[in-house]
Amino acid sequence: MGPPTLAMDNKSSLPISPDAFKNSCNSQVEPQKIFASVSVGKEKPFDFFRVLIDGVIAGGAAGVVVETALYPIDTIKTRLQAARGGGKILLKGLYSGLAGNIAGVLPASAIFVGVYEPTKQKLLQIFPENLSAFAHLTAGAIGGAASSLVRVPTEVVKQRMQTGQFASAPDAVRLIVRKEGFKGLYAGYSSFLLRDLPFDAIQFCIYEQIRIGYKLAAKRDLNDPENAIIGAFAGAITGAITTPLDVIKTRLMVQGSANQYKGILDCVQTIVREEGPPALLKGIGPRVLWIGIGGSIFFGVLERTKLLLAQRRSGNENPESFKQD
């Protein structure tokens, strides 16, 4: 396109002042700002602590709601995976250990989202648009690693209570430390990271990327049901993919001081040798159901809480700076 011109007709044109002519030219030649699909709208200073606090609150709320609603399904899944050979599955005490688990889930979820959100937004500012998926993957893995310091002891205590080894969380912690030492609370830590770092990274990446595509197609922000459906899909797919890792993690965590397995590789070899390869998919049904529904609830509550926090901070103004990308 050629340089801007202003058509003049000596018979009908009106006099134009120099300022008006200058403004007219500037309005035509000024380049338009095109925001990438991962843009958060108008550029604003990155407020790390605000994003951190909002993430902590939203993540903690979402984690507690999900854990309370789906704990029985998680208990059944754990008992299926812990059973060796043709062992029977008990359907009693499906809420065993819930209170102690919530005490760990609340800070763990808060830490995860509190780390994930500012990390994600910072990476999205650094990486180009076509690497937004890498930003989401990286942020998810970093968030998972940070929260693992709380999540692993919580998971160890929860799963041993679910399998009937202890009656209460305080008893579980005390006896585990007495028999196995403090490291007993981190039994299966490496397998936990092997499962959860890929899980967190993949789940959040799938969720974020689908949201970006959906928002571009719909040309509007997503509502709560849409966020929930996308969260359910992302959770179910990721849950199915990572089921073998979850089985290995469960076996290592619930073995206690018996030390049936020497490590991750020995655990895999023993399971395949004694029970066959299909045993690595034990509990896949409850796991996909649990994580699918959990993803729906978690992301639905997460997005709604973030929106409420943003609206409370800026009145009823549509929040720009804390939209999920």
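See the structure printed just above.
Because the structure is predicted, anything quoted here is derived from the model rather than measured. (Residues numbered from 1 in each chain as written. Predicted model: local features only at pLDDT ≥ 70, side-chain atom pairs only at ≥ 80, totals over all residues. Heavy atoms only, no water.)

In this section: the pattern of salt bridges. Counted by the stated rule, this structure contains 24 salt bridges. Taking the shortest distance from any N to any O, the salt bridge between Lys249 and Glu155 comes out at 2.9 Å. Taken together, the residues Lys249 in helix H8 (residues 243-254) and Glu155 in helix H4 (residues 132-162) connect sequence positions 94 residues apart. Judged on exposure class, the residue Lys249 and its partner Glu155 are both buried. The shortest N-O distance in the salt bridge between Lys249 and Asp246 comes to 3.6 Å. Highlighted residues: Lys249 and Asp246, both in helix H8, separated by three residues, approximately one helical turn. Exposure class is identical for Lys249 and Asp246. Each is buried. It is possible to trace a salt-bridge network through shared partners that takes in Asp74, Lys77, Arg151, Glu155, Lys158, Arg195, Asp196, Asp200, Asp246, Lys249 and Arg287. (Salt bridge = Lys/Arg side-chain N within 4 Å of Asp/Glu carboxyl O. Helix = DSSP H or I, 4+ residues; strand = E, 2+ residues; numbered from the N terminus. Buried < 20%, exposed > 50% of the residue type's maximum accessible area, 1.4 Å probe, protein only.)

In this approach a probe as big as a water molecule rolls over the atoms, and the regions it shows empty are the leftover space. All told, the structure shown has one cavity of 30 Å³ or more when counted by the stated rule. Class assignment of the residues belonging to the lining of the largest cavity gives a composition of 13 nonpolar, nine polar and eight charged. (1 Å grid on protein atoms, 1.4 Å probe; cavity = no way out; pocket = protein on both sides within 12 Å on 5 of 7 lines; lining within 4 Å. Points joined across faces, edges and corners; volume = space filled by probe spheres on them. Nonpolar A, V, L, I, M, F, W, Y, C, P; charged D, E, K, R; others polar.)

Let's shift gears to the packing of aromatic side chains. Scanning all chains against the criterion turns up 11 aromatic pairs. When the centroid spacing of 6.4 Å and the interplanar angle of 80 degrees are considered together, the rings of Phe204 and Phe298 count as edge-to-face. Here Phe298 lies in helix H10 (residues 284-313) and Phe204 lies in helix H6 (residues 189-218), a separation of 94 residues in the sequence. Summarising the burial analysis for this pair, Phe204 and Phe298 share the class buried. (Phe/Tyr/Trp six-rings, centres within 6.5 Å; stacked < 30°, edge-to-face > 60°.)

Let's shift gears to the nonpolar core. Counting residues in hydrophobic clusters, the biggest one holds 22 residues, and the most contacted among them are Phe204, Phe298, Phe299 and Leu302. When residues of this core are traced back to their parent elements, those giving at least two are helix H2 (48-82), helix H3 (98-126), H4, H6, helix H7 (224-241) and H10. If sequence neighbours within four positions are ignored, Leu302 has contacts with Ala58, Gly59, Ala62 and Val113. Judged by nonpolar contacts, the second largest core, of 11 residues, contains Val156, Ala169, Leu185 and Met253. (Core = buried A, V, L, I, M, F, W, Y, C linked by side-chain atoms within 4.5 Å. Contact = heavy atoms within 4.5 Å.)

Now for the environment of Asp47. Among the structural elements, Asp47 can be located in the loop between helix H1 (18-29) and H2. What makes Asp47 partly exposed here is its relative accessible area of 37%.

For the pair H7 and H10, interaxial distance at closest approach is 7 Å and the crossing angle is 145 degrees. Like other packed secondary-structure pairs, H7 and H10 cross with a definite hand, here right-handed. Between H7, through Asp224, Asn227, Ala228, Gly231, Ala232, Gly235, Ala236, Gly239 and Ala240, and H10, the contact on the second element is made entirely by Ile284, Arg287, Val288, Ile291, Gly292, Gly295, Ser296, Phe299, Glu303 and Arg304. Grouping the constituent residues of the contact of H7 with H10 by class yields eight nonpolar, seven polar and four charged. (Axes fitted to C-alpha atoms, helices over the stretch in contact; angles between N-to-C directions. Left-handed = near helix turned anticlockwise from the far one by under 90°.)

Below, the discussion takes up a nonpolar patch on the surface. A grouping of Ile53, Val56 and Ile57 is seen on the molecular surface, where their side chains present a nonpolar patch of about 230 Å² in accessible area. Inspection of the secondary structure assignment puts Ile57 in helix H2. Owing to a relative accessible area of 41%, Ile57 belongs among the partly exposed residues under this scheme. (Patch = residues over 30% accessible without salt bridge, like charges linked within 9 Å, V, L, I, M, F, W, Y side chains within 5 Å. Areas by Shrake-Rupley, 256 points an atom, 1.4 Å probe, with all protein chains shown as cover.)

What follows is about the environment of Gly104. Looking at where Gly104 falls in the secondary structure, it is placed in helix H3. Residues Gly104 and Arg151 lie 47 residues apart in sequence; the distance between their C-alpha atoms is 6.6 Å. Beyond its immediate stretch of four places on either side in the chain, Gly104 contacts Val150 and Thr154.

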